[in-house]
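Per-entry structural report
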Amino acid sequence: MEHRKVIIIGSGPAGLTAALYTGRANLAPLVFEGNQPGGQLTITTEVENFPGFPEGITGPQLMDEMRKQAQRFGAESKFEHVTAVDLSQRPFKVMVGEAVYTADSVIVSTGASAKLLGLESEKEFMGYGVSACATCDGFFFRNQEVAVVGGGDTAMEEALYLTKFASKVTIIHRRGELRASKIMGERAEKNGKVEFKWFSTVEDIKGTEENGIKKLTHLVLKNTETGELEDFKTDGLFMGIGHRPNTDLFVGMLDMDENGYLIPKDRSTYTNIEGVFACGDVQDHVYRQAISAAGSGCMAAIDAERWLAAQGIE
Ligand code: NDP
């Protein structure tokens, strides 16, 4: 059984920043990178809003750089997916199948995942017209027509943000009534660039491929009342059907809100279990930015380092 002072579960900007800081504190952290090493940023193409990269950087490249920087200070990555944890006593146990690791402290940075429609074509066009993040990718749709699927606050927020760039934003919703809060719904309805396509679901995503580069051209929509199919021309499709925090591992152990997001103790990264810290999107459904996740990863590392020192573990 391998023992570590710090085990970090999750490898997005929060986890890798926590790895960098705990590495520099000589704590030799072990990072479980999970099923999507690098996290959500690896499904976006260009990242233009991470400070320090005036020319922009691709999501996968940014995450590679963060990983290298953490490794330079002694962090170790395992490209494995944690299957269970036991936080009931210290040292904590982190399981990967049959393998058991123990840790004096655990930093949870398992992130959140945008809900997807479940279409084969949406994976194919992800980053090439399909996006799950308007603040990441909206800029690339200047003067183009885009669509947002969903009828909740996320969809309204994405749509309104996209009006800064796109010439037209169509919200595609499967019912005739929004789930969004009244104020957000009204804001979208009043915006001259926003149109609604009611009673519609996205059945398929179509496009072209030239020199290996895919380009979305249209969607196949289905009218949920008549079953009729239609081609709908658009340059982009944004998923606005919500996010899901990756907290299944911690149910019954860590405090969560009604949507499954972890609840850290006031203005810190402490959870309800001493020695377990949370950072990044797994505890933040409001900001959800790479830079804010990285910032909270730094906070978790400092909280963990100080807590370990108080236990006499340095
Ligand atoms: P919600 O669950 O509120 O809304 C999801 C929307 O997507 C619903 O309209 C739902 O349709 C639709 N949907 C879900 N699955 C599918 C599917 N497979 N195909 C088509 N449509 C689908 O999620 P949100 O992320 O919008 O909001 C989550 C929480 O976060 C809410 O409490 C919200 O208020 C909050 N939030 C607040 C914001 C703010 O205040 N600025 C911004 C973003 C979120 P249907 O309505 O038919 O179920």
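Residues numbered from 1 in each chain as written. Predicted model: local features only at pLDDT ≥ 70, side-chain atom pairs only at ≥ 80, totals over all residues. Heavy atoms only, no water.

**Brief notes about helix H2 (residues 59–72)**
If you check H2, its first and last C-alpha atoms are 20 Å apart, about what 14 residues at 1.5 Å a residue would give, namely 20 Å. By the burial criterion, the buried members of H2 are Gly59, Leu62, Met63, Met66, Arg67 and Ala70. For H2, the angular spread of the buried residues around the axis is 135°, confining them to a single face. For H2, the exposed residues set more than 90 degrees away from the buried face come down to Lys68 and Arg72. Looking at the buried positions of H2, the neighbouring elements they touch are helix H1 (13–24), strand E3 (46–47), strand E4 (57–58) and strand E5 (76–78). A positive phi of about 95° marks glycine 74, the residue just after H2. (Helix = DSSP H or I, 4+ residues; strand = E, 2+ residues; numbered from the N terminus. Expected span 1.5 Å × (residues − 1). Buried < 20%, exposed > 50% of the residue type's maximum accessible area, 1.4 Å probe, protein only. Arc of directions from axis to C-beta. Contact = heavy atoms within 4.5 Å.)

**Some details on the state of the cysteines**
Per the counting criterion, the structure on display carries one disulfide. There is a disulfide in this structure between cysteine 133 and cysteine 136, and the S-S distance comes to 2.1 Å. An S-S torsion of about 80° defines the bridge between cysteine 133 and cysteine 136 as right-handed. Among the cysteines around cysteine 279, which has no disulfide bond, cysteine 298 carries the closest sulfur, lying 9.8 Å off. Residue cysteine 298 is classed as buried on the basis of its relative accessible area, which comes to 18%. (Disulfide = S-S within 2.5 Å.)

**Focus: the sheet that holds strand E15 (residues 213–223)**
If you trace the three strands from one edge of the open sheet to the other, you get E14-E15-E16, paired in antiparallel fashion. Each end of this open sheet is capped by a strand with a single partner; those strands are strand E14 (200–210) and strand E16 (229–233). Strand-to-strand, the axes of this sheet are offset by a mean angle of 30°, without reference to chain direction. (Pairing = 2+ DSSP bridges. Axes fitted to C-alpha atoms, helices over the stretch in contact; angles between N-to-C directions.)

**Section: the site of the ligand**
Near the ligand, the surroundings consist of 14 residues, among which Asp153, Thr154, Arg174, Arg175 and Arg179 are the closest. Within the side chain of glutamate 157, one N or O atom sits 2.9 Å away from a nitrogen atom of the ligand. Side-chain polar atom of arginine 174 to an oxygen atom of the ligand: 2.8 Å apart, as the coordinates give it. Here the ligand, which alone exposes 910 Å², has 67% of that area covered by the protein. In a pocket analysis with a 2 Å cut-off to the grid points, the ligand is assigned to the second largest pocket. With three residues, helix H5 (residues 153–162) is the single largest residue contributor to the shell around the ligand. (Near = heavy atom within 4 Å. Polar contact = N/O pair within 3.5 Å; in protein donor to acceptor, adjacent residues only side chain to side chain. Areas by Shrake-Rupley, 256 points an atom, 1.4 Å probe, with all protein chains shown as cover. 1 Å grid on protein atoms, 1.4 Å probe; cavity = no way out; pocket = protein on both sides within 12 Å on 5 of 7 lines; lining within 4 Å. Sits in = over half its atoms within 2 Å of the grid points.)

**With respect to the environment of leucine 262**
Note on placement: leucine 262 falls in the loop between strand E18 (243–245) and strand E19 (276–278). In this structure leucine 262 comes out as buried when scored by relative accessible area, which is 3%. Measuring from C-alpha to C-alpha, the distance between leucine 262 and phenylalanine 250 comes to 9.0 Å, with twelve residues separating the pair along the chain. Excluding residues within four positions of it along the chain, leucine 262 makes contact with Val108, Thr247, Leu254, Asp255, Met256, Ala278, Val282 and Gln283.

**Comments concerning helix H7 (residues 290–310)**
The first and last C-alpha atoms of H7 sit 30 Å apart over 21 residues, in line with the 30 Å expected at 1.5 Å per residue. Taken as a whole, H7 has its buried residues at Ala290, Ala293, Ala294, Ser296, Gly297, Cys298, Ala300, Ala301, Asp303, Ala304, Trp307 and Leu308. Among the structural elements, strand E1 (2–9), H1, strand E8 (99–108) and E19 are those in contact with the buried residues of H7. Trailing H7 by a residue or two, glycine 312 shows a phi angle of about 80°, which is positive.

**Description of the sheet that holds strand E17 (residues 236–239)**
Pairing between the strands of a sheet comes from backbone hydrogen bonds, and it takes one of two forms, parallel or antiparallel. The five strands lie next to each other as E10-E17-E11-E12-E13, forming an open sheet whose pairing is parallel. Both edges of this open sheet fall to strand E10 (130–131) and strand E13 (194–197), since each of them pairs with a single strand only. Pairing of E10 with E17 involves two bridges; the strand directions are parallel. Each residue of the ladder has a partner; that of valine 130, found in E17, is leucine 237.

**A look at the pairing of strand E11 (residues 145–149)**
Most of E11 is tucked away: four of the five residues are buried. Pairing between E11 and strand E12 (residues 168–172): five bridges, direction parallel. Bridging from a neighbouring strand, glutamate 145 pairs with lysine 168 of E12. Relative to E17, E11 runs parallel, the two being bridged by four bridges. Each bridged residue has a counterpart across the sheet, and for valine 148 the counterpart in E17 is phenylalanine 238.

**Description of the domain arrangement of the protein**
By the assigned domains, the protein splits into domain 1 (2–113 + 243–310) and domain 2 (116–239). A straight line from the C-alpha centre of domain 1 to that of domain 2 covers 31 Å. If you look at the interface, domain 1 gives nine residues, while domain 2 gives nine residues. Taking both partners together, domain 1 and domain 2 bury about 780 Å²; carbon and sulfur atoms supply 47% of that area. Taken together, domain 1 and domain 2 are joined by zero salt bridges. (Domains from an automatic or database assignment. Buried area = accessible area lost by both parts, 1.4 Å probe. Salt bridge = Lys/Arg side-chain N within 4 Å of Asp/Glu carboxyl O.)

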